[in-house]
Amino acid sequence: MERARQNRMRSAPAVKFISPYRHGTELNQVEKWKLERHPLDVAESIINDYSKKGSKAIDAVPGEQERLKWVGIYPQRQGGNAFMMRIKLPGGRLNSEQAIEIGNVASKFARGPEHPIFKSAYCDITTRQAIQLHWIRIEDVPEIWSRFESVGMTTIQACGDSARNVLSCPAAGIDADEAFDSTQVVNEISEFFTGNREYANLPRKFKLSVTGCRDDCAQGEINDIGLWPARLEDGTLGFNLLVGGGLSDGPRMASDVDVFVEPKEAVELTRAVAQLFGELGNRENRGLSRMRYLVEEMGPEEFRSELVKRSQVELRQAGTHLTRRYRGDHIGLHPQKQPGLSYLGVSVTVGRLIAEELIEIGRLAKVYGDGDIRLTTDQNFVLSGIANEKVESLLQEELLEKHSPFPGPFTRGAIACTGSEFCRFAVVETKERIIQWAKHLDDQFGKRLGPVDSSSVVRMHFSGCPASCAQPQIADIGFRGDTAHQGDQIVEAVDIGLGGSLGGDAGFIDWIKGAFPVEDVPSALLRVIERYLIEKKPDERLSTWARRTSTESLAKTLLPKEED
């Protein structure tokens, strides 16, 4: 943890916070805990105290369970000495050595009860291009950190009220059609915020997306900060600034605040936004503390005005947007901008990998590609730098029989959070269910949907609770964990929504039916997809069809005829 320790001690930026607390307000309990002790200090306590005394020592310190998030650790649903650990991977980038080390750590330290599908040691790719491990014991954390640090990785601020993992296009630097490569900017922003004590106490989580990709795969509209590609009249390339996007309760598309950001200005502008959020954000009501509520309250013009006061660079008017659509994934084989090379996007349904599979991915990256692995926001991965003459041999590898570069349209679009298997807030199991649903739908309708590409994939996102970790609001079909009454019993259920998307036709789903028993979902999906295939216009996506169809009519389609 020496590198992280040095980051935390680094000198504060030139512009300091006026005050992180609004005068005369009553702080919520989490804010009080953060004032009592800086959350980043929990790292030293884990190394010197809790790893020796055990997890019960954590419970003895008020607020310490909350502070664990600042070093990428959450208590699991199982309680006791069972924790989730999240690894921060800016832009979703890791090399073969890092992938193999994560796989080895998972195999040794992330072992839980034997799972019928995923065995006993596995990891999850998240919708923020990070990797999560489960069943971690607090005694093992210092060794895990040491092993990660030895290959250049950290878990610092992978969670908590601070800057989270910075999203970017997984094909940055290799996409033949990108506006420009944003990799350096992503790394500079991540380096600035990670371990920076001055900016590690924000009112709530702070999510950033930075991309030079034209296809919106980094989802700028649903992040607190979205930097997406733009061009000034003189040809200067950079970013337009979006602020205040997010999902969960009160979803909101980010606002364009009419600011153009050159790559060299990106760290300063994101720092200034963080300062604004830290000074003016709500620290009284945790339910209203996300930056999207502040932007909604202030409006884009006032937000821009306050940003001017805190920025050390002059704000210029926005340039011409270069984003053209929402592609979402990079599955399949694609030519790189570098002659003679290709990249391969591989589908990992719901993002779960057995430990040995991640080790194998590291081997494949080294043998066939340039050694890089790039994680995507849809829980998949990309292998880059593949010489065209090696493609056929790579496609014959056994791993790609299970995790396919050419999946069906439903398995390709299936995303799920960890659900009630691990999360203390989720009320339903997610991953196994949506895998089964997607495979069944592929069997029934895959051929009828025609060739599978990024425009024909059907995105089904399943969150186990309203927190939206699986982003159901931007899915063609979204599920949100719920419960339902059947007679005198309470059963697992979902809220079902249709019609979400990002890009040029960005919009959130309409929640069509609430408290729908999960056992009835497979048959309901068959009816919806059958109707879509009958009624859709040529090349019409399911989200577009759903938006032009009345919610009342869609709700009836979900129900068996006898219940219409």
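Quick look at the structure, then. (Residues numbered from 1 in each chain as written. Predicted model: local features only at pLDDT ≥ 70, side-chain atom pairs only at ≥ 80, totals over all residues. Heavy atoms only, no water.)

Some points on the pattern of salt bridges
By the definition in use, this model includes 42 salt bridges. Note that Arg-352 and Glu-421 form a salt bridge whose closest N and O atoms lie 2.9 Å from each other. With Arg-352 in strand E14 (residues 352–354) and Glu-421 in the loop between strand E17 (414–416) and helix H15 (431–445), this pair connects stretches of sequence that are 69 residues apart. Just as Arg-352 is buried, Glu-421 falls in that class too. Here Glu-530 and Arg-448 are joined by a salt bridge, their closest N and O atoms 2.9 Å apart. (Salt bridge = Lys/Arg side-chain N within 4 Å of Asp/Glu carboxyl O. Helix = DSSP H or I, 4+ residues; strand = E, 2+ residues; numbered from the N terminus. Buried < 20%, exposed > 50% of the residue type's maximum accessible area, 1.4 Å probe, protein only.)

Looking at the packing of aromatic side chains
Summed over the entire model, instances satisfying the criterion amount to 13 aromatic pairs. Between Phe-192 and Phe-193, the aromatic rings sit 5.0 Å apart at their centres with planes inclined by 85°, giving edge-to-face as the arrangement. Phe-192 gets classed as buried once you look at its relative accessible area, which sits at 18%. For the pair Tyr-532 and Trp-545, a centre-to-centre distance of 5.6 Å together with 55° between the ring planes defines the contact as tilted. With Tyr-532 in helix H16 (residues 521–535) and Trp-545 in helix H17 (residues 542–547), the pair connects residues that are 13 residues apart, well separated along the chain. Residue classification places Trp-545 among the buried residues on the basis of a relative accessible area of 0%. Connected via pairs of aromatic rings, a cluster forms that spans Phe-192, Phe-193, Tyr-199, Phe-206 and Phe-277. (Phe/Tyr/Trp six-rings, centres within 6.5 Å; stacked < 30°, edge-to-face > 60°.)

Topic: the sheet that holds strand E15 (residues 372–375)
Strands sit in the order E3-E15-E16-E13-E12 across an open sheet of 5 strands; the sheet is antiparallel. Edge positions in the open sheet fall to strand E3 (93–95) and strand E12 (332–335), since each of these has one partner strand only. Between one strand and the next, the sheet's axes are offset by a mean angle of 25°, whatever the strand orientation. Of the pairings in the sheet, the one linking strand E13 (residues 341–346) to strand E16 (residues 381–387) comprises 5 bridges and is antiparallel in character. The residue of E16 that forms the bridge with Gly-345 is Val-382. Helix H6 (residues 96–109) rests against E3 and E15 of the sheet, and its axis sits at about 85° to E3. (Pairing = 2+ DSSP bridges. Axes fitted to C-alpha atoms, helices over the stretch in contact; angles between N-to-C directions. Contact = heavy atoms within 4.5 Å.)

Some details on the environment of Val-257
As for its placement among the helices and strands, Val-257 is situated in strand E10 (residues 255–261). Take Val-257: its relative accessible area is 3%, and that puts it in the buried class. Linking Val-257 and Leu-241, residues 16 residues apart in sequence, is a C-alpha distance of 6.4 Å. Leaving out residues up to four positions away in the same chain, Val-257 has contacts with Leu-241, Val-243, Pro-300, Phe-303 and Arg-304.

Quick look at unusual backbone geometry
If you check the backbone angles, Gln-219 has positive phi at about 55° while not being a glycine. Since its relative accessible area comes to 2%, Gln-219 is described here as buried. Of note in the backbone geometry, Ser-468 takes a positive phi value of approximately 70° without being a glycine. As for its placement among the helices and strands, Ser-468 is situated in the loop between strand E18 (460–463) and strand E19 (477–486). By relative accessible area, Ser-468 is classed as buried at 7%.

Some words on the packing of H16 against helix H18 (residues 551–558)
Packing of H16 against H18 brings their axes to within 8 Å, and their N-to-C directions diverge by 130°. Judged by the inter-axis angle, H16 sits oblique to H18. In this structure, H16 contributes Ala-524, Arg-527, Val-528 and Arg-531 to the contact, and H18 contributes Ser-553, Leu-554, Thr-557 and Leu-558. Along the lines of polarity and charge, the residues of the contact of H16 with H18 split into 4 nonpolar, 2 polar and 2 charged. (Parallel < 35°, antiparallel > 145°, perpendicular 65-115°, else oblique. Nonpolar A, V, L, I, M, F, W, Y, C, P; charged D, E, K, R; others polar.)

Overview of the environment of Ala-515
Considering the arrangement of structural elements, one finds Ala-515 in strand E21 (residues 510–517). Sequence separation between Ala-515 and Val-494 is 21 residues, and the spatial gap between their C-alpha atoms is 5.2 Å. Apart from residues no more than four positions distant in its own chain, Ala-515 is found in contact with Asp-482, Thr-483, Ala-484, Ala-493, Val-494 and Asp-495.

A word on the sheet that holds E21
Strand order in the open sheet formed by 5 strands is E17-E18-E19-E20-E21, and the pairing between neighbours is mixed. Each edge of the open sheet carries a strand with a single partner, namely E17 and E21. The average undirected angle you get between the axes of adjacent strands in this sheet is 25°. Of the pairings in the sheet, the one linking E18 to E19 comprises 4 bridges and is parallel in character. Bridged to Ser-463 within E19 is Arg-480. Sheet strands touched by H16: E18, E19, strand E20 (489–498) and E21. Its angle to E19, the strand with the most contacts, is close to 135°.

Limitation: the analysis is restricted to geometry and does not speak to function.
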